[in-house]
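In case you want the letters, here they are:
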Amino acid sequence: MLIDLSKILVHEGIQQKAEILPEGDKFSCKLGDFSYADKFPVELTIAHTGNQILKITGEGKVSVWIPCSRCLEPVLHTFFIQIDEEADMKLTEQERIEALDESNFIQGKQLDTERLLHNEILIRWPMRVLCKEDCKGICSRCGANLNQGSCDCDTADLDPRMAVISDIFKNFKEV
Ligand SMILES: [Zn+2]
Ligand SMILES: [Zn+2]
C-alpha cells in the first residue's frame, strides 16, 4: 500500500493514522517464501514533527509458517512488530542512497507500507526455529521424521562422533 504524504508535509505538528496489512499470502525474501498464517492490522501513526521530518511509529503482529530447522515441519512464528522510524523528507532519492539511509520505504512523497513491514519482519527473523526444544530432526539417510518414531536404517555405522555418544548412553543404561 502507498500512503500519500503530501498533505501531512504541508503542516507541521499534524499526524495521520493508517491500518496496514502485509500484502499477498506469502512473505518472500532471500530465505524463501513463507505463508502468512493470520494477518492482523498494524496500527501506523505518521507524524510531521517539523522541518519535513516524519516520525513513523506503529505496533502489531504478523504470523508466518517457518519450517523447523531440524525436521522441516512448519512452525507458527509470530513477529511482534514495533515500528519506530524517522524519515527526513528533505533528502532527495540520490542523497538517501548516498547517506545509506535505510528508509527505502519512502518513494518520492509516498510511504510504501509493504517495504516498511518487510524490513521490520526481516530484522526480526529468527536464527533458527524449532517445533519443540528436543526435536529429533530427520534421519540423514532416509529422511524419516524421527519425532514420529525411529526408522529402519542401520545405525551400526553411524558417524564415529555419534557412535561415541551412543556408547556413553549404553554405559549409562548399564549402570
Ligand atoms: Zn522439528
Ligand atoms: Zn532412516
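Small disclaimer: the values here were computed from a predicted structure and weren't measured. (Residues numbered from 1 in each chain as written. Chains lettered and ligands numbered in written order. Predicted model: local features only at pLDDT ≥ 70, side-chain atom pairs only at ≥ 80, totals over all residues. Heavy atoms only, no water.)

1. Considerations on the overall build of the protein chain
What counts is decided by this rule: Strands are runs of DSSP state E lasting at least 2 residues, helices are runs of H or I lasting at least 4, and numbering of each runs from the N terminus. In these tables, accessible area is a Shrake-Rupley quantity obtained with a 1.4 Å probe, and a residue counts as shielded only by the protein chains included in the view.
Scanning the protein chain from N- to C-terminus turns up three helices and nine strands. Accessible surface for the protein chain amounts to roughly 11,400 Å². Of this, 54% is attributable to carbon and sulfur atoms.

2. With respect to the sheet that holds strand 8 (residues 106-107)
Put simply, the rule is: For two strands to pair, DSSP has to find at least two bridges joining them. Note on definitions: a residue-residue contact is assigned when non-hydrogen atoms from the two residues lie within 4.5 Å. Where helices are involved, their axes are fitted lines through C-alpha atoms of the stretch in contact, as for all axes, and angles between N-to-C directions lie from 0 to 180°.
Strands sit in the order 1-9-8 across an open sheet of three strands; the sheet is antiparallel. The open sheet has two free edges, formed respectively by strand 1 (2-4) and strand 8, since each of these has just one partner strand. Sheet strands touched by helix 2 (residues 113-123): strand 1, strand 8 and strand 9 (110-112). Its angle to strand 9, the strand with the most contacts, is close to 40°.

3. Digging into the pattern of salt bridges
Which entries qualify depends on this criterion: Counted as salt bridges are all cases of a side-chain nitrogen of Lys or Arg within 4 Å of a carboxyl oxygen of Asp or Glu. Each residue gets one of three labels from its accessible area relative to the maximum for its type: buried under 20%, exposed over 50%, partly exposed in between, using a 1.4 Å probe on protein chains only.
Applying the stated rule across the entire model yields four salt bridges. Across the pair R115 and D112 runs a salt bridge, and its minimum N-O distance is 4.0 Å. For D112, a relative accessible area of 15% puts it in the buried group. Between R124 and E120 there is a salt bridge, and its shortest N-O distance comes to 2.7 Å.

4. Brief notes about the side chain of N145
Looking at the secondary structure, you find N145 in the loop between helix 2 and helix 3 (160-174). Excluding anything up to four places from it in sequence, N145 contacts C71, E73, G137 and I138.

5. Observations concerning the nonpolar core
Convention followed: To qualify as a nonpolar core, a set must consist of buried Ala, Val, Leu, Ile, Met, Phe, Trp, Tyr and Cys residues joined through side-chain atoms within 4.5 Å.
L5, I56 and L111 are the most contacted members of the largest nonpolar core, which has 36 residues in total. Elements represented by at least two residues in this core include exactly strand 2 (15-20), strand 3 (26-29), strand 4 (32-39), strand 5 (42-50), strand 6 (53-67), strand 7 (74-88) and helix 2. Excluding its chain neighbours within four sequence positions, the residues that come into contact with I56 are L44, T45, I46, I83, D84, E85, A87, F105, L111 and L116.

6. A few points about the coordination of the zinc ion (ligand 1)
Note the following rule: A donor here means any N, O or S atom no more than 2.8 Å from the metal (3.2 Å for Na, K and Ca); water is not included, so a site may seem to lack partners. Any coordination sphere not matching a tetrahedral pattern (four donors, all angles between 85 and 135 degrees) or a square planar or octahedral pattern (four or six donors, opposite donors over 155 degrees apart, other angles between 65 and 115) is reported as irregular.
Around the zinc ion (ligand 1), the donor atoms from the protein are C68 (SG), C71 (SG), C131 (SG) and C135 (SG), and they sit 2.3 to 2.4 Å away. Around the zinc ion (ligand 1) sit four donor atoms, and with donor-metal-donor angles ranging over 105 to 115° the site reads as tetrahedral. The motif formed by the donor residues of the zinc ion (ligand 1), counted along the single chain, is C-x2-C-x59-C-x3-C. Here C135 lies in the loop between helix 2 and helix 3 and C71 lies in the loop between strand 6 and strand 7, a separation of 64 residues in the sequence. The class for C71 is buried, based on a relative accessible area of 5%.

7. Points about the packing of aromatic side chains
The geometry of an aromatic ring pair is captured by the separation of the ring centres together with the interplanar angle, meaning the angle of the planes. Let me state the cut-off plainly: Classification of ring pairs rests on two measures: the distance between centres of Phe, Tyr or Trp rings, Trp counted by its six-membered ring, which must be within 6.5 Å, and the angle between planes, read as stacked under 30 degrees, edge-to-face over 60 and tilted in between. Only lysine NZ and arginine CZ atoms are considered, and such an atom sits over a ring when it is within 6 Å of the ring centre and within 35 degrees of the ring normal.
Counting across every chain of the model gives three aromatic pairs. Measuring from ring centre to ring centre gives 4.8 Å for F34 and W125, while their planes differ by 55°; the resulting arrangement is tilted. Taken together, the residues F34 in strand 4 and W125 in the loop between helix 2 and helix 3 connect sequence positions 91 residues apart. Residue class for W125 comes out buried when judged on its relative accessible area of 16%. Three or more aromatic residues joined by ring pairs make a cluster, and in this case those are F27, F34, F79 and W125. Positioned above the aromatic ring of F40, the side-chain terminus of K61 is 4.7 Å from the ring centre.

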